[in-house]
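Working through the structure, step by step
So you can see what is in the structure, the chains are spelled out below.
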Protein chains: 2
Amino acid sequence: MKMSLKYYYDLLSQPSRALHIIFRLSGLQFEECPVALRNGEHLTDEFKQNINRFQRVPCINDNGYKLAESVAILRYLSAKGKVPEHLYPKYFVDQARVDEFLEWQHITLRVTCAMYFRTIWLDPLLTGRSPSASKIETLRLHMERTLDIVEEVWLAQSEFLTGPTLTVADVFAACEIEQTRMADYDVRIKYPKIRAWLKRVRAACNPHYDVAHQFVYKISGTGPQAKL
Amino acid sequence: MKMSLKYYYDLLSQPSRALHIIFRLSGLQFEECPVALRNGEHLTDEFKQNINRFQRVPCINDNGYKLAESVAILRYLSAKGKVPEHLYPKYFVDQARVDEFLEWQHITLRVTCAMYFRTIWLDPLLTGRSPSASKIETLRLHMERTLDIVEEVWLAQSEFLTGPTLTVADVFAACEIEQTRMADYDVRIKYPKIRAWLKRVRAACNPHYDVAHQFVYKISGTGPQAKL
C-alpha cells in the first residue's frame, strides 16, 4: 500500500492557504483534498468521524494519523524532515524565533483580520444584513492596532518577519492579511513596510502564492499588484 | 558570570500561571521577576527596550536571549532539556498531539474565557461601567460553545486532554478556565467532565497549582474546592 499524506483544505481559509504554499514550496508530495466550507462539507457527521473531530480545515491524514491545527501540522511535518530548514529552522534557538511569531499571531493578527473579513464580507453574504459603520470602525481599529505592531515591531529591522529571509512565519502572516482584501481593505495604503514585505513574500513564494490566492484575487476583484 | 533564566510574569495572567506551574513541576531553576500589570509596569519604555518589545507577559531572558509567547517559551525550554518528557513529549508524533491542543486553544478557549473575564471583571474595574446583560449573555454563549468542545471532544475518551496523563496542555487549559472564577463563572455546574478533570489537574500539579492561583482564589473569594 502506498504511503500517503492527505491534505484537507479550502483556499478561502487563511491557514489552509499558508500550508498549501508551504507544502508546495517544500516539494512535498500530498493528495489534494479540497473541502468546500461554503457548502458545509465540514459539517457532516462523516467529516467529524473520519476527517477532523473539530470540523475545521486545514487538517491532514498522514497514512492514518489524523492531525488538525495548521501550526501543529507544520511542526509535525518538519520533524518528519518534510519541510526545508530555511523555511522552518531545526536549531531550537532559531526555531523559537519563528515559533514566537506563530504563537503571537493567533489572538492578534489572525483574530482581528478574520473578524474584519467575516463581519464585513462573510456575514452580510450569509444573513443579508450589513454591519453598522461604527461596528466596522471598531473592527478596523482593532485590526490596525495589530498591523501597527507588524509594521513597527516585526518589520522594524529586517526584510522578513523573523530575519533576513522568508520563513513560514511570513507565509502565515501574509495569508491572514490578504484575507482582508475581500472586505475591500487595502493594507498597503497606511503601511509602507507591510506593502514592500508583501511583495517580497509573494516573490519568494510564487508561483505557489498566486495559486493559493486565486479565489481571493477573484472575489476581491484585485490582482496581486492592484491598487485601490 | 552565573547563567540565569529570568522569568517575567503576573499571576493574574493565565499563560503566566501556566508557565509558573510548569517550571516548578519541572524543577527548573529560574529567577522570579513579577510584573504588576495592574500598575502598568509593562507599559514603560524601559520594559519595551529591555524586557519584551511586545510589552506583555509572560516572557523570559535566558542569559541574554529574550523570548516572548508562552508556547514558544515552553518549546524552547523543552528543546534545552529543561521540561520533562512526560509533560511535553519529545517524540514528534506524541508532541504533535499536545501541539494540536496548544494551537487549538488560542482563538477558542483562550479568547472566549479571557473576553468573559475582561468584560465582566476587569473593564468595570477600570471604567466604572458594567456591561449590559445581553453583552454578558453573548460572551457566555461564545465561551460555552468552546467549553462544550472541551467537555465533549477533548475529554471524550481520556482522563486528561491529550491522553491518560497530565501534559502541559492540561496546565494551559486549566489556567484559562480558572480565570473565569474571578468573573463569578463556575464551570463546574454545567460541565461534569471538566469539573472532574480540573480536580485531577490540580492534584497532579499541587502545591504549585495553588501557589499560582493564590490571587485568583483570593479575588474570586473561592477556595479551590468552593462551590457556588
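Not measured: the values here are computed from a predicted model.

**Describing the overall build of chain A**
Per the secondary structure count, chain A includes nine helices and four strands. The N-to-C order of helical and strand elements in chain A reads β-α-β-α-β-β-α-α-α-α-α-α-α. Oriented by its inertia axes, the alpha-carbon framework of chain A measures out at about 55 × 45 × 30 Å. The proportion of buried residues among the 228 residues of chain A is 56%. In chain A, of all internal contacts separated by at least 6 residues, the share reaching a separation of at least 24 is 66%.

**Examining helix α3 (residues 70-79) of chain A**
An α-helix turns once per 3.6 residues; consequently, residues spaced three or four apart project the same way. Residues and elements named next belong to chain A. Counting buried residues in α3 gives nine out of 10 residues, a clear majority hidden from the surface. The set of residues buried in α3 consists of Ser70, Val71, Ala72, Ile73, Leu74, Arg75, Tyr76, Leu77 and Ser78. Count one or two residues on from α3 and you reach Gly81, which has phi positive near 80°.

**Some details on the packing of aromatic side chains**
Aromatic rings in a pair are described by how distant their centres are and how their planes are angled relative to each other. Applying the stated criterion across every chain yields a total of 28 aromatic pairs over all chains. With 5.0 Å between their ring centres and 80° between their planes, Phe101(A) and Trp154(A) make a pair best called edge-to-face. In this pair, Phe101(A) is assigned in helix α4 (residues 92-127) and Trp154(A) in helix α5 (residues 133-154), connecting sequence segments 53 residues apart. Note on Phe101(A): relative accessible area 0%, which makes it buried. Within the aromatic cluster, the residues linked to one another by ring pairs are Tyr7(A), Tyr9(A), Phe23(A) and Phe30(A). Taking the ring centre of Trp154(B) as reference, the NZ or CZ of Arg53(A) above it sits at 4.8 Å. Sitting over the face of the ring of Phe160(A), Arg200(A) holds its NZ or CZ atom 5.9 Å from the ring centroid.

**Points about empty space enclosed by the protein**
Residue and element names in this part refer to chain B. For the structure shown, the criterion picks out one cavity of 30 Å³ or more. Volume-wise, the largest cavity comes out at about 110 Å³. Arg181, Tyr185, Asp186, Val187 and Arg188 are, among the 12 residues lining the largest cavity, the residues nearest its centre. Residue composition of the lining of the largest cavity, by class: five nonpolar, two polar and five charged.

**Let's talk about the interface of chain B and chain A**
Contact with chain B, which involves 30 residues of that partner, is made by 32 residues of chain A. Together, the buried faces of chain B and chain A total about 3000 Å²; carbon and sulfur atoms form 63% of this surface. For the pair chain B and chain A, the number of links is five salt bridges. If you look at where chain B meets chain A, you find 14 residue pairs in polar contact (both at pLDDT 80 or more). Contributing elements (two or more residues each) for the side of chain B that touches chain A: β4 (65-68), α3 (70-79), α4 (92-127) and α5 (133-154) of chain B. Of the residues belonging to the side of chain B that touches chain A, the class tally is 17 nonpolar, two polar and 11 charged.

**Some remarks on the relation of the copies chain B and chain A**
Overlay of chain B on chain A (RMSD 0.0 Å): rotation 180°, translation along the axis 0.0 Å. A rotation of that kind, with that shift, is consistent with a two-fold axis. In this assembly, 100% of the residues forming the interface of chain B have copies in chain A that are likewise at the interface, indicating an isologous arrangement.

**Remarks on the sheet that holds strand β3 (residues 59-62) of chain A**
All names here are of chain A. Pairing is mixed in the open sheet, where four strands are placed in the order β2-β1-β3-β4. At either end of the open sheet lies a strand with only one pairing partner, and these are β2 (31-34) and β4 (65-68). Looking at each pair of strands side by side, their axes are set apart by 20° on average, direction ignored. Sheet topology places β3 next to β4; four bridges connect them, and they run antiparallel. In the sheet register, Asn61 faces β4, and the bridge partner there is Lys66. Where helix α1 (residues 14-25) meets the sheet, it contacts β1 (5-9) and β2, and its direction lies at approximately 145° from that of β1.

**Quick word on the side chain of Asp186(B)**
Among the secondary structure elements, Asp186(B) is positioned in the loop between α6 (168-179) and α7 (192-205). Side-chain polar atoms of Asp186(B) contact the side chain of Arg188(B), separated by 2.8 Å.

**Here's the deal with the state of the cysteines**
All names here are of chain B. Counting across every chain of the model gives zero disulfides over all chains. Cys33 forms no disulfide, and the closest cysteine sulfur to it belongs to Cys59, at a distance of 8.7 Å. Cys59 gets classed as buried once you look at its relative accessible area, which sits at 1%.

**Notes on the domain arrangement of chain A**
All names here are of chain A. For chain A, the domain assignment lists domain 1 (5-79) and domain 2 (92-220). One C-alpha centre belongs to domain 1, the other to domain 2; they are set 20 Å apart. A combined buried area of about 1800 Å² lies between domain 1 and domain 2, and 71% of that area is made up of carbon and sulfur atoms. The largest per-residue losses of area from domain 1 upon contact with domain 2 belong to Gln14, Arg17 and Ile21, which jointly make up 32% of the total buried on that side.

**Thoughts on the pairing of strand β2 (residues 31-34) of chain B**
Residues and elements named next belong to chain B. Across four bridges, the pairing between strand β1 (residues 5-9) and β2 is parallel. Looking at the pairing, Tyr8 lines up with Cys33 of β2. As a crossover connection, the stretch from β1 through helix α1 (residues 14-25) into β2 is right-handed.

**Regarding the packing of α4(B) against α6(B)**
Residue and element names in this part refer to chain B. For the pair α4 and α6, the least separation of the axes is 9 Å and the interaxial angle reads 5°. With respect to their mutual orientation, α4 and α6 come out roughly parallel. Here Val98, Phe101, Leu102, Gln105, Leu109, Arg110, Cys113 and Phe117 of α4 come into contact with α6, specifically with Val168, Ala169, Phe172, Ala173, Glu176, Ile177 and Gln179. Across the contact of α4 with α6, the residue classes break down as 11 nonpolar, two polar and two charged.

**Let's talk about the environment of Glu176(A)**
Residue and element names in this part refer to chain A. Mapped onto the elements of the fold, Glu176 is located in helix α6 (residues 168-179). On the basis of relative accessibility, which here comes to 2%, the residue Glu176 falls in the buried class. Between the alpha carbons of Glu176 and Leu25 there is a distance of 18 Å; along the sequence they are 151 residues apart. Not counting residues within four places of it along the chain, the set of residues in contact with Glu176 comprises Gln14, Pro15, Gln105, Leu109, Arg110 and Cys113. Only 2.8 Å separates the side chain of Glu176 from the side chain of Arg110, close enough to count as a polar contact.

Rules of the game
Residues numbered from 1 in each chain as written. Chains lettered and ligands numbered in written order. Predicted model: local features only at pLDDT ≥ 70, side-chain atom pairs only at ≥ 80, totals over all residues. Heavy atoms only, no water. Helix = DSSP H or I, 4+ residues; strand = E, 2+ residues; numbered from the N terminus. Buried < 20%, exposed > 50% of the residue type's maximum accessible area, 1.4 Å probe, protein only. Contact = heavy atoms within 4.5 Å. Phe/Tyr/Trp six-rings, centres within 6.5 Å; stacked < 30°, edge-to-face > 60°. Lys NZ or Arg CZ within 6 Å of the ring centre and 35° of its normal. 1 Å grid on protein atoms, 1.4 Å probe; cavity = no way out; pocket = protein on both sides within 12 Å on 5 of 7 lines; lining within 4 Å. Points joined across faces, edges and corners; volume = space filled by probe spheres on them. Nonpolar A, V, L, I, M, F, W, Y, C, P; charged D, E, K, R; others polar. Buried area = accessible area lost by both parts, 1.4 Å probe. Salt bridge = Lys/Arg side-chain N within 4 Å of Asp/Glu carboxyl O. Polar contact = N/O pair within 3.5 Å; in protein donor to acceptor, adjacent residues only side chain to side chain. Least-squares fit on C-alpha atoms with pLDDT ≥ 70 in both. Pairing = 2+ DSSP bridges. Axes fitted to C-alpha atoms, helices over the stretch in contact; angles between N-to-C directions. Disulfide = S-S within 2.5 Å. Domains from an automatic or database assignment. Right-handed = clockwise from strand over helix to strand, strands pointing away. Parallel < 35°, antiparallel > 145°, perpendicular 65-115°, else oblique.

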